[in-house]
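Below, each chain spelled out in residue letters.
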Amino acid sequence: MKLSKLPFCSVFPIFTIFLCFVYCSPKEEEIEMEEIEGKASYYARRFEGKKTASGEIFENQELTAAHRSLPFDTEVEVVNPENGKSVIVRINDRGPYRRGKVIDLTRAAARELGMLDSGVIDVIIRYPKLAEDIDKGQ
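If you're wondering where the values come from, they're calculated on a predicted model, not measured in any experiment.

(A) How the structure looks around the pattern of salt bridges. Using the criterion set out here, one finds seven salt bridges in the structure. Residues Lys129 and Glu34 are paired through a salt bridge, measuring 3.9 Å at the closest nitrogen-oxygen approach. In this pair, Lys129 is assigned in the loop between β6 (121-128) and α3 (131-135) and Glu34 in strand β1 (residues 33-42), connecting sequence segments 95 residues apart. Of the charged contacts, one joins Glu35 and Arg126 as a salt bridge, the two residues approaching to 2.7 Å between their closest N and O atoms. Taken together, the residues span a long stretch of sequence, with Glu35 in strand β1 and Arg126 in strand β6 at a distance of 91 residues. Residue classification places Glu35 among the partly exposed positions, given a relative accessible area of 46%. Three or more residues joined by partner-sharing salt bridges are found here, namely Glu32, Glu34 and Lys129.

Spelled out as structure tokens, the structure:
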């Protein structure tokens, strides 16, 4: 009789611990995303090595971008709806300052999107909704 209870006694604690991990582990929060559409361009080679608005040195081979208002270090997904290609870039500069454009990309990011020949394309930009926007209920 003791032998038949032994397997249950040794499996039960393991099973209980397993259930605790499955049902008690913290769940990932769902991040609300913003989406905007507009035109993207990319930096001229003459900016290579110059300081960005964040103080970093600009490097055209990095996956970074300029945006007028998003906080520095915000990661955004930029999508080319024409060909479906996308790239994740980090905001480290301010701009673009030309009317009608919403983001300036490095050459590396522009290459990923397939826009080197055209120079300016329509894009969709996705980024995490900012905390102050969530607090305002927007």
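Next comes the rest of the description.
(B) Region of the structure containing the sheet that holds strand β2 (residues 64-66). Strand order in this closed barrel of six strands is β1-β5-β2-β4-β3-β6, and the pairing throughout is mixed. In this sheet, neighbouring strand axes are inclined to one another by 45° on average, regardless of whether the strands run parallel or antiparallel. Pairing analysis gives three bridges linking strand β3 (residues 75-79) to β6, with the strands arranged antiparallel. Bridge pairing in β6 places Val78 opposite Ile125.

(C) Representation of unusual backbone geometry. The omega torsion across Gly95 and Pro96 is -5°, close enough to zero to call that bond cis. In this model, Asp73 sits at a positive phi of 75°, which is unusual for a non-glycine residue. Inspection of the secondary structure puts Asp73 in the loop between β2 and β3. Classification of Asp73 by relative accessible area gives exposed; the value is 52%.

(D) Inspection of the pairing of β3 at higher detail. By the bridge criterion, five bridges tie β3 to strand β4 (residues 86-93) in an arrangement that is antiparallel. The residue bridging Glu77 from the neighbouring strand is Ile88, located in β4. Hairpin geometry of β3 and β4 is characterised by an intervening segment of six residues between the two adjacent antiparallel strands and by a positive phi of about 80° at Gly84.

(E) Geometry of the nonpolar core. One finds Val76, Val78, Val89, Ile103, Leu105 and Val123 to be the most contacted residues of the largest nonpolar core, which totals 20 residues. Sort the elements by how many residues they give to this core and β6 lands first, with four residues. When residues no more than four places from it in sequence are discounted, the contact partners of Val89 are Leu63, Thr64, Ala65, Thr74, Glu75, Val76, Val78, Ile103, Leu105 and Ala109.

Thresholds, definitions, all that
- Residues numbered from 1 in each chain as written.
- Predicted model: local features only at pLDDT ≥ 70, side-chain atom pairs only at ≥ 80, totals over all residues.
- Heavy atoms only, no water.
- Salt bridge = Lys/Arg side-chain N within 4 Å of Asp/Glu carboxyl O.
- Helix = DSSP H or I, 4+ residues; strand = E, 2+ residues; numbered from the N terminus.
- Buried < 20%, exposed > 50% of the residue type's maximum accessible area, 1.4 Å probe, protein only.
- Pairing = 2+ DSSP bridges.
- Axes fitted to C-alpha atoms, helices over the stretch in contact; angles between N-to-C directions.
- Core = buried A, V, L, I, M, F, W, Y, C linked by side-chain atoms within 4.5 Å.
- Contact = heavy atoms within 4.5 Å.

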